[in-house]
Amino acid sequence: MYNSKIIGLGKYLPEHVVTNDDLSQMMDTNDEWIQERTGIKERRWIKEGTDDTSAVMGAKASRMAIDRAGLTKDDIDFIVFATMTPDYYFPGCGVQIQDMLDMKNIGAIDIRNQCSGFVYAISVADQFIKTGMYKNILVVGSEYHSNGLDKSTRGRGVTVIFGDGAGACVLSREEDTTKGILSTHLHSEGKYADKLIVEAPSIKHWVPEIMESKEDLSYFPYMDGTFVFKHAVVRFSEVIIEGLMKNGLQKEDIDMLIPHQANLRIAQFIQKKFGLSNDQVFNNIMKYGNTTAASVIIALTEAWEQGKINEGDNVVLAAFGSGFTWGSVIIKW
Ligand code: ACO
């Protein structure tokens, strides 16, 4: 048995900044409401006319992660790609990365777990490394939300929170089993699937049917925000505690918590509940909004770039989102 360890981190954010004031030109919203409820000041949205997509952004973040790992594309044995906004209905973005990075004919899978996508992806990759099947795995989280949002007042409860972006890491074999990813914890509760959902197009509700009716808006994301919020704060706490207990750690042992960037108020609630200082929790939702499967890996990359994560630190990743799905990852950096 081996452990797996993150040896390279990368990110890519589209250049185009959309402020809360920009949104208020499109819909009935305002900077004060958005900042007060979510903490978001601005987000990045892919500008029309650029080539960026979930796969393209994922490839850009991946190149950075592989470079920083000191590896080449030919050292990678497998790809795990998390997104809820794939370029195609099928095939998934994982195979596009294999092509875009001109990699060998290695395996590639896509993870469809929304905001928990990256946590699930890293857990899947970790299992392949633990068993010895693969040595270096590229794990990617990328989202292109902006093209699929309702930018009228009708969609304001959802649209203001989402942003585009990508992150990636290289997970590599670690012989010392006291280091790297110590454990991962995954959960789901499908009875709440309809509380946060993009219902169509789906095989049971296909495109011609949607086009028949002007009132059918089932292709826009629907979210019961208050319901999701209430579940998020409970599940975040539970799954962090589960991870700490599994490893004999206390909350004071957390050196860095990277929560999924869903809403700054959720992160602040967790921070307070666990009695953590500002130095022990990393947030960047203010700049990027909720980038779903990309959020944890973009935040982890930025925390590391800013020197906030050092060797030997106990790093906790945690996420909650549509499904509902939630999970945590406990890392000895
Ligand atoms: N600007 C101005 N007013 C707005 C906006 C807006 N952008 N959006 C909603 N409102 C209005 C509503 O119409 C409502 O008005 P009313 O009282 O007259 O009916 C009022 O503000 C309150 O709306 P709520 O939806 O109750 O607002 P809430 O306080 O719940 O905040 C929010 C909404 C920010 C979305 C919050 O519920 C939230 O963050 N939920 C959790 C999100 C989350 O964690 N998602 C999981 C990850 S996403 C994924 O997995 C894909």
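Residues numbered from 1 in each chain as written. Predicted model: local features only at pLDDT ≥ 70, side-chain atom pairs only at ≥ 80, totals over all residues. Heavy atoms only, no water.

### Here we look at the environment of threonine 226
Right, on to step 1. Residue placement: threonine 226 occurs in helix H8 (residues 225-246).
Right, on to step 2. Judged by its relative accessible area of 54%, threonine 226 is exposed.
Right, on to step 3. Measuring from C-alpha to C-alpha, the distance between threonine 226 and cysteine 93 comes to 31 Å, with 133 residues separating the pair along the chain. (Helix = DSSP H or I, 4+ residues; strand = E, 2+ residues; numbered from the N terminus. Buried < 20%, exposed > 50% of the residue type's maximum accessible area, 1.4 Å probe, protein only.)

### Some points on the site of the ligand
Right, on to step 1. Around the ligand lies a shell of 26 residues, among which Thr29, Arg37, Cys115, Asn263 and Ser322 are the nearest.
Right, on to step 2. For the ligand, a nitrogen atom lies 2.6 Å from a polar atom in the side chain of threonine 29.
Right, on to step 3. Between serine 322 and the ligand, the recorded distance is 2.8 Å, taken from a backbone N or O atom to an oxygen atom.
Right, on to step 4. Protein contacts shield 73% of the accessible area of the ligand, which totals 1000 Å² for the unbound molecule.
Right, on to step 5. At the level of secondary structure, the elements contributing two or more residues to the shell around the ligand comprise helix H2 (31-38), helix H6 (156-159), H8 and strand E12 (314-321).
Right, on to step 6. Grouping the amino acids of the shell around the ligand by side-chain chemistry returns twelve nonpolar, eleven polar and three charged. (Near = heavy atom within 4 Å. Polar contact = N/O pair within 3.5 Å; in protein donor to acceptor, adjacent residues only side chain to side chain. Areas by Shrake-Rupley, 256 points an atom, 1.4 Å probe, with all protein chains shown as cover. Nonpolar A, V, L, I, M, F, W, Y, C, P; charged D, E, K, R; others polar.)

### Some words on the layout of surface pockets
Right, on to step 1. Empty space within the largest pocket amounts to approximately 1000 Å³.
Right, on to step 2. Along the wall of the largest pocket there are 29 residues; nearest its centre are Met84, Thr85, Pro86, Val198 and Ala200.
Right, on to step 3. Split into classes, the residues belonging to the lining of the largest pocket amount to 18 nonpolar, nine polar and two charged.
Right, on to step 4. Quantified by volume, the second largest pocket comes out at close to 610 Å³.
Right, on to step 5. Residue lining of the second largest pocket: 30 residues in total, with Gly157, Ile161, Met223, Gly225 and Thr226 positioned closest to the centre. (1 Å grid on protein atoms, 1.4 Å probe; cavity = no way out; pocket = protein on both sides within 12 Å on 5 of 7 lines; lining within 4 Å. Points joined across faces, edges and corners; volume = space filled by probe spheres on them.)

### Examining the sheet that holds strand E13 (residues 325-332)
Right, on to step 1. Judged by pairing direction, the sheet is mixed, and its four strands sit side by side in the order E8-E13-E12-E11 without closing on themselves. Each edge of the open sheet is held by one strand with a lone partner, namely strand E8 (180-188) and strand E11 (256-259). Looking at each pair of strands side by side, their axes are set apart by 10 degrees on average, direction ignored.
Right, on to step 2. Where E8 and E13 come together, eight bridges link them in antiparallel fashion. The partner of histidine 187 across the bridge, within E13, is tryptophan 326. (Pairing = 2+ DSSP bridges. Axes fitted to C-alpha atoms, helices over the stretch in contact; angles between N-to-C directions.)

### Some thoughts on the packing of aromatic side chains
Right, on to step 1. According to the stated counting rule, one finds ten aromatic pairs in the structure shown.
Right, on to step 2. When the centroid spacing of 5.0 Å and the interplanar angle of 65 degrees are considered together, the rings of tyrosine 192 and phenylalanine 227 count as edge-to-face. On the criterion of sequence distance, the pair formed by tyrosine 192 in the loop between E8 and strand E9 (196-197) and phenylalanine 227 in helix H8 is long-range, its members being 35 residues apart.
Right, on to step 3. Tyrosine 192 sits in the buried class, given a relative accessible area of 18%.
Right, on to step 4. Residue classification places phenylalanine 227 among the partly exposed positions, given a relative accessible area of 23%. (Phe/Tyr/Trp six-rings, centres within 6.5 Å; stacked < 30°, edge-to-face > 60°.)

### A few points about the side chain of serine 172
Right, on to step 1. Structurally, serine 172 is set in strand E7 (residues 165-174).
Right, on to step 2. Taking the relative accessible area as the measure of exposure, serine 172 reaches 8% and is therefore buried.
Right, on to step 3. Of note is the side chain of serine 172, whose polar atom sits 2.6 Å from the side chain of asparagine 136.
Right, on to step 4. When sequence neighbours within four positions are dropped, the list of residues in contact with serine 172 reads Asn3, Ser4, Lys5, Ile7, Ile129, Lys135 and Asn136. (Contact = heavy atoms within 4.5 Å.)

### Re helix H9 (residues 264-273)
Right, on to step 1. Taken together, the buried positions of H9 are occupied by Leu264, Ile266, Ala267, Ile270 and Gln271. Each buried residue of H9 lies within a common arc of 160 degrees when the element is viewed along its axis, so the set occupies one face.
Right, on to step 2. Positive backbone phi, at 65 degrees, marks glycine 275, one or two positions downstream of H9. (Arc of directions from axis to C-beta.)

### Regarding the pattern of salt bridges
Right, on to step 1. A complete count under the given rule lists twelve salt bridges for this structure.
Right, on to step 2. Across the salt bridge formed by aspartate 126 and lysine 130, the nearest N and O atoms sit 2.7 Å from each other. Of this pair, aspartate 126 and lysine 130 are both found in helix H5 (residues 117-130), four residues apart, which corresponds to roughly one turn of the helix. An identical accessibility class is assigned to aspartate 126 and lysine 130; each is buried.
Right, on to step 3. Between glutamate 238 and arginine 235 there is a salt bridge, with the nearest N and O atoms lying 2.8 Å from each other. Here glutamate 238 and its partner arginine 235 are both found in helix H8, three residues apart, which amounts to about one turn of the helix.
Right, on to step 4. Salt bridges linked by common partners bring Lys11, Arg68, Lys287, Glu302 and Glu305 together as one network. (Salt bridge = Lys/Arg side-chain N within 4 Å of Asp/Glu carboxyl O.)

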